[in-house]
Amino acid sequence: MLTHRSYAYEFGGLPTNERLEFLGDSVLGLVVTEELYERFPDLDESRLSPLRSGVVNMRALASIARSLELGSALLIGKGEELTGGRDKNSILADAFEALVGAIYLDLGFEVCRKVILNLMKEVIEEAISRGSGLDGKTALQELVAAAGWPTPEYRVIESGPDHDKSFEAVAIVNGSAYKSGSGKSKREAEQEAARLAYEELSKKI
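None of these values were measured; they are calculated from a predicted model.

A. Molecular detail of the environment of Arg66. The residue Arg66 is located in helix α4 (residues 58-67) in this model. Once you skip the residues sitting within four places of it in the chain, Arg66 turns out to touch Asp87, Lys88, Asn89 and Leu92.

Right under this line is the structure:
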């Protein structure tokens, strides 16, 4: 079972998945970075970085966790249970990172790499189809500028403890707010919000 800190705190400080999450996050980053580095030899860091963010982000990892039904394998506290914690993006994304960390420790890097690339194949292809490193904020800015509108603004809300913060961002374009994006950093959340706004606006402008 995967132990969320809310469960551990309620039962006297049991070990949590946070160390595995920390490890899994690093392994995920390395595997996806290497994959993109090999597939796009002509892209520089400024284009590879946002492409990686399009693959390794809270929304994408939570989606994979749902497909694996990791929510049902979580040990969570009563408070989180009551507020739908088993389906929260942040908790599911962390659970997937913990799973990756466990696979790495038990089966080694090569097996873990194959598992990651297999599970994330669709996410990687989706990110690539959006433009091989397309920076969401840049794309939205260019679209808005072409329409003659003011520069987009972003409203960001952060939550969680210092060691495990999550962020929700909303893009404000020409006075209208669009779907919120989430991430483990302000930048990631803003990029996701920009991408969602771009997808919606590009169908109208």
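B. Spatial organisation of the pattern of salt bridges. Following the criterion strictly, the structure yields 12 salt bridges and no others. Ionic pairing is found between Glu125 and Arg39, a salt bridge with its closest N-O pair at 3.0 Å. Taken together, the residues Glu125 in helix α8 (residues 121-129) and Arg39 in helix α2 (residues 18-39) connect sequence positions 86 residues apart. Among the salt bridges present, the one from Glu158 reaches Lys165, with a minimum N-O distance of 3.0 Å. We classify Glu158 as partly exposed; its relative accessible area is 46%. Using a relative accessible area of 25% as the deciding quantity, one classes Lys165 as partly exposed. Taken together, the shared-partner salt bridges connect Arg59, Glu192, Arg195 and Glu199 into one network.

C. How the structure looks around the sheet that holds strand β5 (residues 176-183). If you walk across this open sheet you meet the three strands as β3-β4-β5, and the pairing is antiparallel. In this open sheet, the two edge strands, each paired with only one partner strand, are β3 (153-159) and β5. Across the sheet, the axes of successive neighbouring strands diverge by a mean angle of 20 degrees, strand direction being ignored. Set on the sheet, helix α10 (residues 186-201) makes contact with β3, β4 (166-173) and β5; between it and β5 the angle comes to about 140 degrees.

D. Seen up close, the side chain of Ser182. Its location among the elements puts Ser182 in strand β5. Among residues more than four places away in sequence, those in contact with Ser182 are Met58, Arg59, Asn89, Phe167, Glu168, Glu188, Ala189 and Glu192.

The rules we used
- Residues numbered from 1 in each chain as written.
- Predicted model: local features only at pLDDT ≥ 70, side-chain atom pairs only at ≥ 80, totals over all residues.
- Heavy atoms only, no water.
- Helix = DSSP H or I, 4+ residues; strand = E, 2+ residues; numbered from the N terminus.
- Contact = heavy atoms within 4.5 Å.
- Salt bridge = Lys/Arg side-chain N within 4 Å of Asp/Glu carboxyl O.
- Buried < 20%, exposed > 50% of the residue type's maximum accessible area, 1.4 Å probe, protein only.
- Pairing = 2+ DSSP bridges.
- Axes fitted to C-alpha atoms, helices over the stretch in contact; angles between N-to-C directions.

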